[in-house]
There are 4 protein chains.
Amino acid sequence: MILVTAGESHGKALVGVIEGLPSGITLDEEKINAELSLRQQGYGRGGRMKIETDRIEILSGVIGGRTIASPLSFEIKNKDYENWTEYMDPFHGDVGKKALTAVRPGHADLSGIIKYGFGANARPVLERASARETATRVAAGAICKQALEALGITVNGKVLLIGGKDDEASMHEAIRAARLDGDTLGGRCEVRVKGMPIGVGSYVRYDRKLDAVLAMHLMSIQSVKAVEVGLGRDFAYLKGSESHDEIFKDGRKTNRAGGIEGGMSNGEDIVLGVTFKPIPTLMKGLRTVDVKTGEPATAASERSDCCAVEAATVVAENVTAYAVLDELLKTFGGDTMKELKSRIDERRAYDRG
Amino acid sequence: MILVTAGESHGKALVGVIEGLPSGITLDEEKINAELSLRQQGYGRGGRMKIETDRIEILSGVIGGRTIASPLSFEIKNKDYENWTEYMDPFHGDVGKKALTAVRPGHADLSGIIKYGFGANARPVLERASARETATRVAAGAICKQALEALGITVNGKVLLIGGKDDEASMHEAIRAARLDGDTLGGRCEVRVKGMPIGVGSYVRYDRKLDAVLAMHLMSIQSVKAVEVGLGRDFAYLKGSESHDEIFKDGRKTNRAGGIEGGMSNGEDIVLGVTFKPIPTLMKGLRTVDVKTGEPATAASERSDCCAVEAATVVAENVTAYAVLDELLKTFGGDTMKELKSRIDERRAYDRG
Amino acid sequence: MILVTAGESHGKALVGVIEGLPSGITLDEEKINAELSLRQQGYGRGGRMKIETDRIEILSGVIGGRTIASPLSFEIKNKDYENWTEYMDPFHGDVGKKALTAVRPGHADLSGIIKYGFGANARPVLERASARETATRVAAGAICKQALEALGITVNGKVLLIGGKDDEASMHEAIRAARLDGDTLGGRCEVRVKGMPIGVGSYVRYDRKLDAVLAMHLMSIQSVKAVEVGLGRDFAYLKGSESHDEIFKDGRKTNRAGGIEGGMSNGEDIVLGVTFKPIPTLMKGLRTVDVKTGEPATAASERSDCCAVEAATVVAENVTAYAVLDELLKTFGGDTMKELKSRIDERRAYDRG
Amino acid sequence: MILVTAGESHGKALVGVIEGLPSGITLDEEKINAELSLRQQGYGRGGRMKIETDRIEILSGVIGGRTIASPLSFEIKNKDYENWTEYMDPFHGDVGKKALTAVRPGHADLSGIIKYGFGANARPVLERASARETATRVAAGAICKQALEALGITVNGKVLLIGGKDDEASMHEAIRAARLDGDTLGGRCEVRVKGMPIGVGSYVRYDRKLDAVLAMHLMSIQSVKAVEVGLGRDFAYLKGSESHDEIFKDGRKTNRAGGIEGGMSNGEDIVLGVTFKPIPTLMKGLRTVDVKTGEPATAASERSDCCAVEAATVVAENVTAYAVLDELLKTFGGDTMKELKSRIDERRAYDRG
């Protein structure tokens with residue numbers, strides 16, 4: 001498949017196109033909107049999230065609730081755009097009137113203006129680099145999830161850590177404290193894929209390895225700084241005898257590998273660990289330089305979120321769903337869901353046979 | 001660029017082709033062989049490494065020590081092949097005579113035979129899934145390193161942890177103990193890229209993000225289970241005020257981000273953390289099932305390495321070198337080294353300007 | 001670049017996304033609309049063209065008339081959609097109510113229903129396979145043309161033949177006669193690129209050859225059945241002494257090669273010949289089989305065009321513009337138009353130097 | 001699949017790697033050598049062809065005559081290399097001693113030295129741009145043909161025209177005459193694919209159209225200047241009623257479309273027309289400029305072939321075989337030949353059902 005996302009944070013709309021879906025996926029629009037809504041929630045989010053109640057509008061590729069194998073395109077309107085026309089209109093906007101010159105540490109701002117020659121205004125950078133883009137990836141994932149469900153595969157994310165805390169009460173407490181402090185928090189989540197057939201991905205070439213592909217997808221999410229499979233970084237502390245999943249006549253009893261050996265799914269749950277850095281826009285402001293004046297400045301905070309780990313977990317889950325469906329199609333082909341399902345079922349039968 | 005690697009562990013030769021190198025890279029053959037040699041060393045390696053003293057033979061793409069922009073192909077002979085002809089010869093070999101049926105936990109064996117229909121013999125799987133393949137990736141990286149050097153960019157790997165120990169004496173002690181035990185150890189390394197121009201990679205699309213691309217490359221290395229950028233997984237424990245790199249008139253004073261913000265190089269060192277699981281082939285043997293008989297079995301140990309973290313660090317370093325040159329070419333184009341260098345220098349001048 | 005097009009012929013909208021454009025392309029919306037309008041005109045077109053006066057709506061990637069390097073997405077509304085909601089709505093449409101069962105020879109209908117499992121209804125096939133899709137490719141090309149213009153490169157299409165006639169009066173006469181007959185006509189056009197720098201494309205790998213890439217793009221246009229470069233098929237009749245372009249101190253005096261030698265631009269005009277088959281939907285109807293009943297039937301004619309060669313020439317021209325800009329970016333890189341322009345100018349200076 | 005070819009005309013060896021072949025293709029080495037031999041023959045070839053009797057040496061990916069799904073790498077030694085070591089050795093050669101400065105019209109020479117900065121020596125260009133590279137593509141195609149055969153698909157090339165003559169006696173006479181004249185001849189061939197299942201390729205996206213993909217592959221062959229499908233350029237002279245293939249209860253009675261409608265195979269033979277320009281290296285020499293002296297010169301003739309259309313037809317046939325297998329794998333997936341075959345058979349049954 002090809003997934004293209006487009007759209008600025010305060011532009012007219014976010015746009016997504018998924019090319020290569022099989023025909024015959026049954027889609028429920030509200031399931032997609034439900035994921036979009038989950039992305040906007042979570043303890044620790046600030047004001048803007050309430051403005052947007054994102055809803056998908058499918059423009060092509062689906063008729064009567066079923067995919068037709070043609071490119072599935074969709075848009076998610078930016079409700080705030082009407083207040084931003086003066087700055088963002090494709091032909092009449094003046095982005096200079098909303099210039100951001102105190103480039104924000106932890107963001108694309110400074111490198112972006114140098115790369116793309118935007119002079120002393122990081123506005124065009126942040127409009128695209130913003131995590132708002134993840135709404136399109138969640139929508140795409142929510143579509144793929146419905147295909148996966150029909151194939152007997154589920155993908156679920158779960159917050160593991162926020163600010164180093166691993167139970168919900170402590171997490172909330174940490175968020176409250178950070179907010180009072182004008183500070184922010186990062187965290188870590190697990191994404192788990194259940195029901196994968198054996199042999200998705202391949203050991204024969206590096207960019208066909210399932211773990212490599214998943215790492216690319218997950219690391220590309222805004223604010224992700226670590227991707228782990230199974231026990232991940234903890235393997236650096238373990239012995240071989242503590243690290244592998246012995247095979248018995250009735251299957252395996254451990255899953256330290258996280259469901260991937262030799263770059264392929266091995267039939268166990270795929271277990272991924274994803275770490276998010278704290279939001280770099282702090283209410284208390286980080287020190288920076290104003291690229292227009294060359295003088296020291298305080299980085300502005302465009303939004304008041306203190307912790308986005310819950311939302312980011314929704315993103316990681318949906319991004320994984322897209323990647324998993326894509327990998328299934330690479331391994332099994334399939335112009336139609338019927339073909340794809342029968343080929344996966346055949347593999348499953350063979351596994352057991 | 002396109003990098004293709006080929007070759008089985010006990011086949012005639014490993015083969016690599018790099019397509020898309022600019023013309024005019026000056027190459028020193030012995031620098032490539034030196035990296036190949038480093039890959040074969042390291043405390044904790046066993047017997048086979050001594051058989052092979054890998055040497056590259058370049059077959060095309062280089063004349064008189066300079067690249068000519070044509071595909072650079074090379075081979076690394078498998079010295080052991082003469083003893084394996086009976087089993088591995090492309091037309092006359094009988095791989096059934098070297099059948100591996102007690103599929104090894106932690107390896108591609110079991111999933112591989114199911115995927116590719118090899119029945120009860122994992123030999124064809126392990127011949128390709130073996131970490132022997134990394135010799136071609138090291139050779140490719142060693143070539144790219146010489147181009148990077150001419151561009152003022154260095155890539156260096158350093159072992160950080162072995163079996164949880166972070167100083168050399170303790171690491172060696174841990175390896176000795178593990179070997180006595182018939183056990184193995186994993187570890188963690190850092191790969192550091194110095195001299196990157198700003199703005200390599202891009203925030204505009206997920207698969208153009210520099211961290212995403214690097215994560216794919218590193219996670220694809222045999223036995224890698226975690227990839228981190230900058231503080232990586234530790235961000236899950238930190239506050240925003242402890243996590244970002246403030247910007248001052250004379251530059252930054254920290255590099256927690258590991259040199260990548262918004263999917264782009266930001267001019268600081270790129271710092272990557274890579275974790276390797278312990279070698280899954282233990283002298284003491286893991287429990288498994290013989291897929292031919294269906295009975296419980298002990299996984300054979302094809303080689304006697306106890307810890308390959310030093311070698312794996314050489315691999316990670318060279319794999320990074322390839323990925324970095326590839327990313328530079330995506331950003332700057334360049335049919336010739338001269339063009340590439342002048343464009344990078346121009347970017348650097350602009351950064352400072 | 002990546003170009004994705006989406007949209008059904010009677011769906012809500014056609015959608016396009018161009019990823020990888022440099023920043024700083026100055027865009028005039030009306031120039032895009034002018035190309036869209038040209039695509040809808042031409043002697044020999046029937047009724048539907050009048051319903052649609054296609055206009056682009058840019059959704060992202062452009063602010064204040066300049067590209068910002070982010071994905072440029074756009075839509076072109078299908079004005080007819082309101083009459084088709086009942087059949088085509090993504091969630092509530094019933095495509096069975098507009099079933100097409102008498103599969104049309106010369107179209108994707110029959111193969112499409114078999115491939116995608118649409119049973120006896122080719123409606124979902126023709127909605128996407130329709131040449132209506134070319135509106136998005138024209139819009140994309142019209143955007144690229146404005147970048148090319150700033151780089152000193154023009155792309156122009158010209159009808160050469162319609163129904164075997166090569167002057168305008170005879171072409172019109174042939175079209176009139178064919179229409180009276182309920183028949184249709186094909187033809188042939190030339191696309192000419194002026195101002196290309198030397199060395200775009202490459203001889204080093206088959207899929208980097210400029211002629212190969214252009215052939216892919218042009219052959220992918222609905223109804224194209226032949227692509228030629230320079231003298232094209234006529235080379236089969238010529239001697240070497242009549243076929244090549246000798247080189248003199250003051251340049252070449254012929255351009256039989258069509259500006260491409262060894263898979264690269266050689267500085268002469270690039271000259272491409274493109275042949276279109278006659279429209280397969282004839283008023284007088286072709287014989288076919290109704291896939292629902294299995295009985296003989298006459299293929300319905302959804303539209304009354306008799307000859308679309310003029311429109312198709314506009315498509316070929318714009319498709320070429322996209323491909324040419326893409327190839328320039330592959331050769332020269334360029335995050336910004338300024339960089340791209342200066343690198344091309346440098347190559348041109350070198351050529352002359 | 002990925003196909004990479006490498007190697008210079010007078011370098012050590014030509015190298016090829018095919019990645020993505022399914023496991024279980026039964027290969028006969030001599031069938032590959034037979035195609036390599038055919039490529040070297042044909043009326044009108046000169047001296048060098050006799051030096052080389054190309055033979056493939058498979059280095060990986062095949063054991064005991066069956067593919068194992070790992071990258072299949074091979075080399076074809078350049079027997080002449082021993083006489084060229086002084087100039088071409090990767091580290092010790094001095095390519096300046098075999099400088100070509102009178103750049104040859106019709107070749108990559110002039111554009112190549114400008115692109116890659118080779119100064120006044122086109123030797124590095126011609127070593128790679130040479131049609132010698134097609135030996136690797138023939139070998140790759142010959143491998144794919146054996147897979148296709150097992151799938152019930154054949155690919156055959158046939159010379160249609162040489163120097164405008166369409167029967168063998170006249171072709172030979174034309175070649176004799178051209179040779180006496182120190183001239184060369186071009187021609188045209190047909191490549192025909194029999195046994196394709198319906199629905200390979202797709203109408204949903206431009207670069208998935210089967211005709212577009214085939215056009216890319218064929219146009220990339222050295223000296224090809226036109227690619228046609230079915231009646232090809234002749235469609236420009238025809239009416240719709242003469243152009244399409246009506247559908248009857250017992251199938252079609254014509255195949256003007258050449259087996260592809262809507263970018264997909266339609267079950268009829270795929271029929272491709274490929275035109276080759278005359279060899280640009282004439283014994284009588286074309287006028288050019290010596291790029292070292294800047295003075296007029298006569299282009300040297302490195303080889304004495306007068307007509308290579310027969311050989312080029314072998315190349316076109318084998319290049320098509322590679323492309324066809326690749327397209328089948330895109331549509332049907334398939335880790336093993338068994339899977340691929342059963343999916344294709346299922347499609348065929350459905351077609352008839």
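None of these values were measured; they are calculated from a predicted model. (Residues numbered from 1 in each chain as written. Chains lettered and ligands numbered in written order. Predicted model: local features only at pLDDT ≥ 70, side-chain atom pairs only at ≥ 80, totals over all residues. Heavy atoms only, no water.)

## What about the overall build of chain A?
1) Next: Helices and strands together make up the secondary structure of chain A, namely 10 helices and 17 strands.
2) Next: In terms of overall size, chain A behaves like a compact globule, its C-alpha atoms giving a radius of gyration of 22 Å where 353 residues would be expected to give roughly 20 Å.
3) Next: When burial is assessed residue by residue, chain A has 68% of its 353 residues classed as buried.
4) Next: Pairs at least 24 residues apart make up 70% of the contacts formed inside chain A by residues separated by at least 6 positions.
5) Next: If you sum the accessible surface of chain A, you get close to 10900 Å²; carbon and sulfur atoms cover 50% of it.
6) Next: The centroid of the 48 positive side-chain charges in chain A is displaced by 2 Å from the centroid of its 50 negative side-chain charges. (Helix = DSSP H or I, 4+ residues; strand = E, 2+ residues; numbered from the N terminus. Rg over C-alpha atoms; globule rule 2.2 N^0.38 Å. Buried < 20%, exposed > 50% of the residue type's maximum accessible area, 1.4 Å probe, protein only. Contact = heavy atoms within 4.5 Å. Areas by Shrake-Rupley, 256 points an atom, 1.4 Å probe, with all protein chains shown as cover. Lys, Arg positive; Asp, Glu negative; His and termini not counted. Charge placed at Lys NZ, Arg CZ, Asp CG, Glu CD.)

## Some details on the sheet that holds strand β5 (residues 62-63) of chain B
Pairing between sheet strands relies on hydrogen bonds along the backbone, with the strands arranged either parallel or antiparallel.
Residues and elements named next belong to chain B.
1) Next: One open sheet holds the three strands; their spatial order is β3-β6-β5, and the pairing between them is antiparallel. If you trace the sheet from one side to the other, it starts and ends with β3 (23-26) and β5, each paired once.
2) Next: Two elements, β5 and strand β6 (residues 66-68), share two bridges in a ladder whose sense is antiparallel. Looking at the pairing, Val-62 lines up with Thr-67 of β6. (Pairing = 2+ DSSP bridges.)

## Considerations on helix α7 (residues 168-180) of chain B
Residue and element names in this part refer to chain B.
1) Next: With 13 residues, α7 should cover 18 Å at 1.5 Å per step; its first-to-last C-alpha distance of 18 Å lies within 8% of that length.
2) Next: As for α7, its buried residues are in contact with β8 (154-162).
3) Next: Just beyond α7, the residue with positive phi is Gly-182, at close to 70 degrees. (Expected span 1.5 Å × (residues − 1).)

## Things to note about the relation of the copies chain A and chain B
The second copy of the chain is related to the first by a rotation about an axis and a shift along the axis.
1) Next: For these two chains of identical sequence, chain A goes onto chain B by a turn of 180 degrees and a shift of 0.0 Å along the axis, with RMSD 0.0 Å. The operation mapping one copy onto its partner corresponds to a two-fold rotation axis. Within chain A, Met-216 of chain A has its C-alpha nearest the rotation axis, a separation of 2.4 Å.
2) Next: Most of the interface of chain A is mirrored in chain B, where 100% of its interface residues are also at the interface. (Least-squares fit on C-alpha atoms with pLDDT ≥ 70 in both.)

## Examining the interface of chain B and chain D
1) Next: Facing 45 residues of chain B, the contacting portion of chain D comprises 45 residues.
2) Next: For the pair chain B and chain D, the summed buried area comes to about 3600 Å², and 65% of that belongs to carbon and sulfur atoms.
3) Next: Our count for the chain B to chain D interface comes out at four salt bridges.
4) Next: Ionic pairing is found between Glu-57 of chain B and Lys-12 of chain D, a salt bridge with its closest N-O pair at 3.0 Å.
5) Next: Applying the counting criterion to the chain B and chain D interface returns 18 residue pairs in polar contact (both at pLDDT 80 or more). (Buried area = accessible area lost by both parts, 1.4 Å probe. Salt bridge = Lys/Arg side-chain N within 4 Å of Asp/Glu carboxyl O. Polar contact = N/O pair within 3.5 Å; in protein donor to acceptor, adjacent residues only side chain to side chain.)

## Observations regarding the packing of aromatic side chains
1) Next: Counting across every chain of the model gives 12 aromatic pairs over all chains.
2) Next: When the ring of Tyr-203 of chain A is compared with that of Tyr-116 of chain B, the centres are 5.8 Å apart and the planes differ by 90 degrees; the resulting orientation is edge-to-face. Highlighted residues: Tyr-203 of chain A in the loop between β9 (187-194) and α8 (210-219) and Tyr-116 of chain B in helix α4 (residues 109-116), drawn from two different chains.
3) Next: Given a relative accessible area of 3%, Tyr-203 of chain A falls into the buried group.
4) Next: Residue Tyr-116 of chain B is classed as buried on the basis of its relative accessible area, which comes to 2%.
5) Next: Taken together through their ring pairs, the aromatic side chains of Tyr-116 and Phe-118 of chain A together with Tyr-203 of chain B make up a single cluster.
6) Next: One cation-aromatic arrangement involves Lys-98 of chain A over Trp-84 of chain A; the distance from NZ or CZ to the ring centre is 4.8 Å. (Phe/Tyr/Trp six-rings, centres within 6.5 Å; stacked < 30°, edge-to-face > 60°. Lys NZ or Arg CZ within 6 Å of the ring centre and 35° of its normal.)

## Overview of the pattern of salt bridges
1) Next: Scanning the model with the defined rule gives 128 salt bridges over all chains in all.
2) Next: Across the salt bridge formed by Arg-192 of chain D and Glu-190 of chain D, the nearest N and O atoms sit 3.1 Å from each other.
3) Next: Among the residues examined, Arg-192 of chain D registers a relative accessible area of 26% and is labelled partly exposed.
4) Next: Each member of the salt-bridge network shares a partner with another, and the members are Lys-115 of chain A, Arg-347 of chain B together with Asp-335, Glu-339 and Arg-343 of chain C.

## A closer look at the relation of the copies chain B and chain D
1) Next: With an axial shift of 0.0 Å and an RMSD of 0.0 Å, the rotation relating chain B to chain D amounts to 180 degrees.
2) Next: Interface overlap between copies is the fraction of interface residues in one copy that are interface residues in the other; for chain B against chain D it reaches 100%, indicating a shared surface.

## Some words on the state of the cysteines
Residues and elements named next belong to chain D.
1) Next: Applying the stated rule across the entire model yields zero disulfides over all chains.
2) Next: A disulfide-free cysteine, Cys-189 has its sulfur positioned 12 Å from the sulfur of Cys-307, the nearest such atom.
3) Next: Note on Cys-189: relative accessible area 0%, which makes it buried.
4) Next: With no disulfide of its own, Cys-306 has Cys-307 as its nearest cysteine by sulfur position, at a separation of 6.1 Å.
5) Next: Given a relative accessible area of 2%, Cys-306 falls into the buried group. (Disulfide = S-S within 2.5 Å.)

## Considering the pairing of strand β4 (residues 56-60) of chain B
Two faces belong to every sheet, and in a regular strand the side chains alternate between them.
Residues and elements named next belong to chain B.
1) Next: Burial analysis of β4 places four of its five residues in the buried class, which makes it a mostly covered element.
2) Next: As judged from the four bridges shared by β4 and strand β7 (residues 72-77), these two strands associate in the antiparallel manner. Across the sheet, residue Glu-57 finds its bridge partner in β7, namely Glu-75.

## So, the interface of chain A and chain B
1) Next: Counting residues at the interface gives 104 residues for chain A, matched by 104 residues for chain B.
2) Next: With both chains or domains summed, chain A and chain B bury close to 8100 Å², and 59% of this area falls on carbon and sulfur atoms.
3) Next: In terms of surface lost to chain B, no three residues of chain A exceed Tyr-206, Lys-225 and Arg-233 of chain A, which account for 11% of the buried area on that side.
4) Next: At the surface where chain A touches chain B, the tally comes to eight salt bridges.
5) Next: Glu-228 of chain B is paired through a salt bridge with Arg-233 of chain A; the nearest N and O atoms lie 2.6 Å apart.
6) Next: In this assembly, chain A and chain B are joined by 47 residue pairs in polar contact (both at pLDDT 80 or more).
7) Next: If one sorts the elements of the side of chain A that touches chain B by residue count, helix α4 (residues 109-116) of chain A sits on top with seven residues.
8) Next: Its residues assigned to classes, the side of chain A that touches chain B shows 48 nonpolar, 29 polar and 27 charged.
9) Next: When strand β10 (residues 224-229) of chain A meets strand β10 (residues 224-229) of chain B, the two strands line up antiparallel, connected through three bridges. (Nonpolar A, V, L, I, M, F, W, Y, C, P; charged D, E, K, R; others polar.)

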